[in-house]
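Residue-level structure breakdown
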Amino acid sequence: MGEIISGKQIAAQIKLKVQARAQAFEQKTGRKIGLAVVRAGSDPASAIYVRNKVKACEECNIASYSYILDDNVSQDELVTLVNKLNADDKIDGILVQLPLPKHIDERIVLSAISPNKDADGFHVVNAGKLFLGESSGVIACTPRGIIELIKSTGEDICGKHAVVIGRSNIVGKPVAALLLENNATVTVCHSKTQHLKEITKTADILVVAVGKRHFVTADMVKRGAIVIDVGMNRDESGLYGDVDFENVKSVAGYITPVPGGVGPMTVAMLLLNTVDGARA
Ligand code: NAP
């Protein structure tokens, strides 16, 4: 039976660290660290994520400034807002919640964020630094949290075969780069991958970011593997991961639950990125 990795508990420890650093910052500078949270449109999941992030800021002595915009906001208006926040001295981090409404080019909005206020780590400069192995960049929150979850097992990443299913810019690609940085041998799988099960069966570390409920089943997992489930699939009956947790947990060595795994770590890493940015 695999050990359950509690992202919730690890995130709580990180938040204590963030809170202490945020308090020290305020004592030193006379102002709170500030995070601007921008959301556009009416996506219900985005509204939940933003609410959780704002609540986490309150818990950690970080001031949050919310900008909730209509579905029909224009790209220019969003870029203007981002530019205003870039120039605002009380704002240390800017988060633009994705997805944005369909008529907006997310890349243009994300590129407008000043790289040193890029709390999410999605700016092309920060993504580039990650791929070049430069430590001065901001690391995307979910991938950064995933590495912490893997390290929390006490298992060494070095030399292990890590398989990532999914190649998005926000999860799959950056987590693959981080695993490589940690000296894993990395295989990235996607919708065109052939013989997926044969590949996942060889994974010592399996990171799943597909967005399909219970996509990974027990027969796809090597005994003793570390399984990290990034998926967040909501329907009227609840929130489900990409991994069939109940069956996979008897094969895996370690496994993250959904909810309570990667999700809370993403929020904790957002706060850590904001505090790191302010102190820098
Ligand atoms: P995405 O952009 O939709 O990417 C999904 C990836 O899965 C794509 O690379 C796709 O391949 C691949 N894929 C789809 N069907 C597949 C199949 N049959 N076999 C192998 N690969 C397949 O998703 P994302 O933004 O990375 O998010 C993935 C999941 O993580 C979602 O459920 C999302 O809600 C969740 N998420 C959670 C957090 C968190 O904090 N917990 C953060 C971000 C995302 P192609 O590239 O070939 O299309």
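About the cut-offs
- Residues numbered from 1 in each chain as written.
- Predicted model: local features only at pLDDT ≥ 70, side-chain atom pairs only at ≥ 80, totals over all residues.
- Heavy atoms only, no water.
- Axes fitted to C-alpha atoms, helices over the stretch in contact; angles between N-to-C directions.
- Helix = DSSP H or I, 4+ residues; strand = E, 2+ residues; numbered from the N terminus.
- Parallel < 35°, antiparallel > 145°, perpendicular 65-115°, else oblique.
- Left-handed = near helix turned anticlockwise from the far one by under 90°.
- Contact = heavy atoms within 4.5 Å.
- Nonpolar A, V, L, I, M, F, W, Y, C, P; charged D, E, K, R; others polar.
- Near = heavy atom within 4 Å.
- Polar contact = N/O pair within 3.5 Å; in protein donor to acceptor, adjacent residues only side chain to side chain.
- Areas by Shrake-Rupley, 256 points an atom, 1.4 Å probe, with all protein chains shown as cover.
- Pairing = 2+ DSSP bridges.
- 1 Å grid on protein atoms, 1.4 Å probe; cavity = no way out; pocket = protein on both sides within 12 Å on 5 of 7 lines; lining within 4 Å.
- Points joined across faces, edges and corners; volume = space filled by probe spheres on them.
- Phe/Tyr/Trp six-rings, centres within 6.5 Å; stacked < 30°, edge-to-face > 60°.
- Lys NZ or Arg CZ within 6 Å of the ring centre and 35° of its normal.

**Let's talk about the packing of helix α2 (residues 44-59) against helix α10 (residues 262-279)**
- Relative orientation of the contacting elements α2 and α10 amounts to 55°, with a least axis distance of 10 Å. Judged on the interaxial angle alone, α10 and α2 are oblique. Along this stretch, α2 crosses α10, giving a crossing that reads as right-handed. Across from N52, K53, A56 and C57 in α2, the residues of α10 making contact are V267, L270 and L271.
- Classifying every residue of the contact of α2 with α10 by side-chain character gives five nonpolar, one polar and one charged.

**Comments concerning the site of the ligand**
- The environment of the ligand is formed by 21 residues, the closest being R167, S168, S191, M232 and T266.
- A distance of 3.4 Å separates an oxygen atom of the ligand from a polar atom in the backbone of V230.
- Backbone polar atom of M232 to an oxygen atom of the ligand: 3.0 Å apart, as the coordinates give it.
- In isolation the ligand has 930 Å² of accessible area, and contact with the protein removes 72% of it.
- The element that contributes the greatest number of residues to the shell around the ligand is α10, accounting for three residues.
- By residue class, the composition of the shell around the ligand is nine nonpolar, 10 polar and two charged.

**What about the sheet that holds strand β2 (residues 33-40)?**
- Spatially, three strands are ordered β3-β2-β4 in an open sheet, and the strand pairing comes out parallel. A single partner strand is all that each edge strand has here, and the edge strands are β3 (62-69) and β4 (93-96). Recorded for the sheet is a direction-independent mean angle of 15° between the axes of neighbouring strands.
- Relative to β3, β2 is paired through eight bridges, and the arrangement is parallel.

**Comments concerning empty space enclosed by the protein**
- Considering all chains together, one arrives at one cavity of 30 Å³ or more under this definition.
- D92, G93, N116, K117, D118, A119, V138, N273, T274 and G277 are the residues that line the largest cavity.
- When residues of the lining of the largest cavity are assigned to their parent elements, the largest contribution, three residues, is made by α10.
- Tallied by class, residues from the lining of the largest cavity come to two nonpolar, five polar and three charged.

**Topic: the packing of aromatic side chains**
- Counted according to the given criterion, the structure contains zero aromatic pairs.
- Sitting above the plane of the Y65 ring, K90 keeps its charged end 5.2 Å from the centroid.
- It is R213 that lies over the ring of Y240; its NZ or CZ is 3.4 Å from the centre.

**Thoughts on the sheet that holds strand β1 (residues 3-4)**
- Reading across from one edge, β1-β11-β8-β7-β5-β6 is the order of the six strands in this open sheet, with parallel pairing throughout. With one partner strand each, in any of the chains shown, β1 and β6 (185-189) form the two edges of the open sheet.
- Of the pairings in the sheet, the one linking β1 to strand β11 (residues 254-255) comprises two bridges and is parallel in character. Within the sheet, the bridge partner assigned to I4 lies in β11 and is I255.
- Sitting on the sheet, helix α6 (residues 141-151) is in contact with β7 (205-208) and β8 (226-229), with an inclination near 150° to β8.

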